[in-house]
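The primary structure of each chain is shown beneath.
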Amino acid sequence: MSVLSTEKVKILLNLMKILRYRIFVKGRVQGVGFRPTIYKYAKNLNINGFVCNTGKGVLIDVEGKIENIEKFIEKLKNSPPPRAEIKEIKIEKLDHIKGYKNFEIIKSIPDREIEVEISPDIATCKDCIKELFNKKDRRYFFPFINCTNCGPRFTIIKNIPYDRENTTMNEFKMCEECKKEYEDPFSRRFHAQPNCCFICGPVLKLFDNKGKYICEGKDAIKEASELLKEGKIIGIKGIGGYHLACDAENEKTIKILRERKKRYEKPFALMARNVETIKKYCYISEIEEKILKSWQAPILLLRKKGNFLPEEIAPNNKYLGFFLPYTPIHHLIFKCNKNINILIMTSGNLTEEPIIYEDEVAFKMLKNICDFFLTHNRKIYVNCDDSVVRVFNKEIYFIRRSRGFVPSPVLIPYYFKKNIFSAGSDLKNTFAFAKENKVFLSQHIGDLENYLSIESYKKSIELFKRILKFEPEIIVCDMHPNYFSSKIAKEIFSNIKNISVQHHHSHIASCMADNFCKNEKVIGIAFDGTGYGVDGNIWGGEILICDYKNFERVGHLRYFPLAGGEVSIKEIWRIGAVYLYVIFGDEFLNLDIDFVKKIDKDKWKIIKKMVDKNINCLLNSSMGRLFDAVSSILCLKDKISYEGQGGIELEMRIENCERIPYDYEIKKENSVYIIDPEKTIKEIVSDIERKTEVGKISYRFHITIVDMVKNICKILRKEREINKVVLSGGVFQNTFLLSKLTNILEKEKFEVLIHRKVPANDGGISLGQAILGLFKTENI
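What counts, and where the lines are drawn
- Residues numbered from 1 in each chain as written.
- Predicted model: local features only at pLDDT ≥ 70, side-chain atom pairs only at ≥ 80, totals over all residues.
- Heavy atoms only, no water.
- Core = buried A, V, L, I, M, F, W, Y, C linked by side-chain atoms within 4.5 Å.
- Buried < 20%, exposed > 50% of the residue type's maximum accessible area, 1.4 Å probe, protein only.
- Helix = DSSP H or I, 4+ residues; strand = E, 2+ residues; numbered from the N terminus.
- Contact = heavy atoms within 4.5 Å.
- Salt bridge = Lys/Arg side-chain N within 4 Å of Asp/Glu carboxyl O.
- Pairing = 2+ DSSP bridges.
- Patch = residues over 30% accessible without salt bridge, like charges linked within 9 Å, V, L, I, M, F, W, Y side chains within 5 Å.
- Areas by Shrake-Rupley, 256 points an atom, 1.4 Å probe, with all protein chains shown as cover.
- Lys, Arg positive; Asp, Glu negative; His and termini not counted.
- Charge placed at Lys NZ, Arg CZ, Asp CG, Glu CD.

A. Seen up close, the nonpolar core. Ranked by internal contacts, the top residues of the largest apolar core, which has 106 residues, are Phe34, Ile60, Val62, Phe72, Leu374, Phe421 and Tyr457. Counting residues per element, this core draws most heavily on helix H12 (residues 451-468), at 7 residues. Filtering out sequence-adjacent residues up to four positions away, valine 62 remains in contact with Leu19, Arg20, Tyr21, Ile23, Ile47, Asn48, Ile69, Phe72 and Phe103.

B. Representation of the pattern of salt bridges in the model. For the coordinates displayed, the defined rule picks out 53 salt bridges. The partner of lysine 90 in a salt bridge is glutamate 88, with the nearest N and O atoms 3.7 Å apart. By relative accessible area, lysine 90 is classed as partly exposed at 48%. For glutamate 88, a relative accessible area of 31% corresponds to the partly exposed category.

C. Seen up close, the pairing of strand S10 (residues 269-272). Burial along S10 is two-sided: the residues Ala269 and Met271 and Leu270 and Ala272 are all buried. Judged from the 3 bridges that link them, S10 and strand S12 (residues 319-323) form a sheet pairing that is parallel. Residue pairing for S12: leucine 270 is matched across the bridge by phenylalanine 322. Sheet topology note: the S10/strand S13 (residues 342-347) ladder contains 3 bridges and is antiparallel. Among the inter-strand pairings, methionine 271 is bridged to a residue of S13, identified as leucine 343.

D. Geometry of a negative patch on the surface. A cluster of acidic residues, Glu216, Asp219, Glu223, Glu226 and Glu230, forms a negative patch at the surface. No other element matches helix H6 (residues 217-229), which puts 3 residues into the negative patch. Here glutamate 230 lies in the loop between H6 and strand S8 (234-237). Judged by relative accessible area, glutamate 230 falls into the exposed class, the value being 55%.

E. Structural context of the environment of lysine 107. With respect to the element layout, lysine 107 can be found in the loop between strand S5 (103-105) and helix H4 (126-132). A sequence separation of 37 residues divides lysine 107 from phenylalanine 144, and the C-alpha atoms of the two residues are 26 Å apart.

F. Structural detail: unusual backbone geometry. Here the amide bond leading from valine 406 into proline 407 is cis, since omega sits at 20°, within 30 degrees of zero. Mapping proline 407 onto the fold places it in the loop between strand S16 (395-400) and strand S17 (410-422). Its identity is not glycine, yet asparagine 393 carries a phi of approximately 50°, on the positive side. Examined against the element boundaries, asparagine 393 turns out to sit in the loop between strand S15 (388-392) and S16. A positive phi is found at lysine 394, a non-glycine position, where the angle reads about 70°.

Here's what the structure looks like:
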């Protein structure tokens, strides 16, 4: 048999009208089954060539008949793998025909510059669940089942490209059968990097809290599920860290968990067997059900139907945070015990610390909380807590953006000429790396108040630097002089130019960027608990006229003293007492309200002296503190055990009623509008003295805040001819306030922007810092 020369093959190809195209795809295209899908499309359409990963995306080189290539490109655009997200496709016709004889997946091509997007971790897919419970399948009950459509991604990657040797799965050598699947282009596990089985994969083991080995494999799952039903607390190693799990219908165990974890009132997250179970306890819309079943599998806040579950789960709250099983281990626990319908699945940590992900740390730090540990030997490279969302106006509204969404970038309408690192805030911290037109926000790090949080912050920065091949040229920090985030960033990047930006300007810029807003003047309403102001005071009830370059503080809540600083933020009765003292003077102690009767008079004498002599007192214009003051005056909370609790419980007590806003004043002082709630507080006190229901007072207070914002916006529109209003800051996690305010502003013909891609709280600050850094350095 004669063999045609290469030259003759090329002549024949030209006669057959064979064309060659090079296609380059950017976006989330690695770790999501992209190359196997391309392979199948090419084979089905008789196209030859290759596909491979690069540091910038996926490169496809194809030869075939024009009609087949057109169909191939159409399928590529319209039917990518379900977890992929294509951001850009470049198609180039090449004159030189190579004469490829088949189509293949070739080894990754390294790049000096990295632009590829790493996939977030993905909830177990339906196909894997089906195999998991199929007794004839070789992975029946295998707790680490995965494929190209699901499984760990971000939390196991150490470097890029996303190949097995660059993940924590590099310790596990595939057996022959797994390797065969991995190399079979028609297998669902073709180039699935975490691919493994009972023979070659990680092993699940059960230990008691003293480290004593109990059992492993299927027995460990069965035993753990029985222990949970018996009322035990188990530390379960998941994708991004350890969860503390217990039976959510066992009130006694929940109380024990709260006591051991020192988390006395903050709501716990709940994992339910299925959506039908959740529907017994909460109202669920079609959109909410879709979010629950999505591959991101976030915790979703849902309105309770009634008090059918122990109140200890979410004290004084009308909402429950539910999510569905998203790892094989979760599915197996529910499968093994039909009597378990709902589990508490709260982050495995001590209060205010990051989720623990390292085995040694878990056994050391959680042994006094957990009775047992269900763990395994697949390492988690970086911790990643669960995302928390709710639905607002039929779309996702983030409370915490983390697992399932990170490290996907937020696109902005400008290009960074220089790489920027933004350090974020000290509370609910995320940092961000910005390059080209993308801002990569980190997972939720948490509050930078302890060693573990700071170490997590540092390690995550190093990981992002590697997977993005990123060296910052500019550092952007909050102007607060004592922020840990700023100090650490300056230490890590000590030789790099750094700039400081104001906290509330960052909030507004974050929301603008979130909405892909170009640089323009807007009315920014930034309401939160604490942010360092340019005058050295605590800001938080801010009305700004700003763009990405500059901001002008055109209004704010009236300043009130914050006696003792941090202690008042925890013991909010102090805030209520100071507000009443400033408004009523010493006569406030004669008010006929329960709040005054409960005040510790000896402590009050000290606080009064601090205010009178301005000792350890900070002035604050914070909307969050105003909510705390009202919450305490209404005797809802004297002390809080988690951030924002006073405001949350005030919102939860709202009773809808037809009542007008309380009175207040807007007065101009030195060209700045001061919103003075003195009359509001006085009328609230009068309502309390008249025994008005707390729910009606709360409703009226909320609509008063709405009225304040509406009127200040109308004043500014008339003066400045600006019609776009941007709402940001943690106070806007209050969806009653957000709903009423957006509705009334839109009725007044304002264009209103709210957050959609990042949280309104400090978890979104790093996005705003990045784009402010871009403009302040003229880096566009």
